[in-house]
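Descriptive analysis of the structure
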Amino acid sequence: MELCPCGSEKNYADCCQPLINGNRTADTAEAMIRSRYSAHAKKEFDYIFETTHPANRQDDDRKGTAAWSKKLDWQRLEIRHVENGGPDDSTGTVEFVARYRKNSKAFDHREIAEFVREDGRWYFKEGQAPPPVQAVRQGPKIGRNDPCTCGSGKKFKKCCGA
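Residues numbered from 1 in each chain as written. Predicted model: local features only at pLDDT ≥ 70, side-chain atom pairs only at ≥ 80, totals over all residues. Heavy atoms only, no water.

What about the sheet that holds strand S2 (residues 91-102)?
Hydrogen bonding along the main chain pairs the strands of a sheet, whether they run parallel or antiparallel. Reading across the sheet, the four strands line up as S1-S2-S3-S4 and stay open at both edges, with antiparallel pairing between neighbours. The open sheet has two edge strands with one neighbour each: strand S1 (73-84) and strand S4 (121-128). The sheet shows a mean angle of 30 degrees between the axes of neighbouring strands, direction not considered. One ladder, built from ten bridges, connects S1 with S2; its direction is antiparallel. The partner of Glu-78 across the bridge, within S2, is Val-97. Where helix H2 (residues 29-41) meets the sheet, its contacts fall on S1, S2, strand S3 (105-118) and S4, and the angle it forms with S1 comes to roughly 170 degrees. (Pairing = 2+ DSSP bridges. Helix = DSSP H or I, 4+ residues; strand = E, 2+ residues; numbered from the N terminus. Axes fitted to C-alpha atoms, helices over the stretch in contact; angles between N-to-C directions. Contact = heavy atoms within 4.5 Å.)

Considerations on the state of the cysteines
Evaluation of the coordinates by the stated rule reveals zero disulfides. Cys-4 supplies the cysteine sulfur nearest to Cys-6, a cysteine that is in no disulfide, at a spacing of 3.6 Å. Of the residues examined, Cys-6 reaches a relative accessible area of 0% and is grouped as buried. Its sulfur unpaired, Cys-16 is 3.5 Å from the next cysteine sulfur, which belongs to Cys-4. (Disulfide = S-S within 2.5 Å. Buried < 20%, exposed > 50% of the residue type's maximum accessible area, 1.4 Å probe, protein only.)

Focus: the nonpolar core
Judged by nonpolar contacts, the single largest core of 28 residues is most densely connected at Cys-16 and Phe-115. When residues of this core are traced back to their parent elements, those giving at least two are helix H1 (17-20), H2, helix H3 (45-50), S1, S2, S3 and S4. In terms of residue count, the dominant contributor to this core is H2 (five residues). Sequence-distant contacts of Cys-16, that is, excluding residues within four places in its chain, are made with Cys-4, Cys-6, Arg-34, Ser-35 and Ser-38. (Core = buried A, V, L, I, M, F, W, Y, C linked by side-chain atoms within 4.5 Å.)

Structure representation (structure tokens):
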């Protein structure tokens, strides 16, 4: 039994493989993003192209996506948020993080993907980066020339801030 790369904990043959092989279609937007991730992991680039909305397909994109994805070792998919995209919806949005390695370095691809369903099939329409989350400092700011908070009596820049 080979687990599906999409992270569903299901057998690949029962999860994303039938979608990628064309034996069945995705019934939700989440199933579509999971199968597209699995297609990247399995180097099934025709599926990625075919599940992109026809208005957004360009042959150059097909070649570029394949060239980019071939160099990557796909590690894990994390679904962060799903809005609509159910069996009775015509649109859906899925926020996800796709983790991969390139040249032994770890990377995260974060995206909010928009999907549309036409003629009973889900298509990837477009994606955008999620808005950045601003960090909020807890406690007062320590200046470089302030006394170190560890109590050493040294300036912060010469102690813990070094």
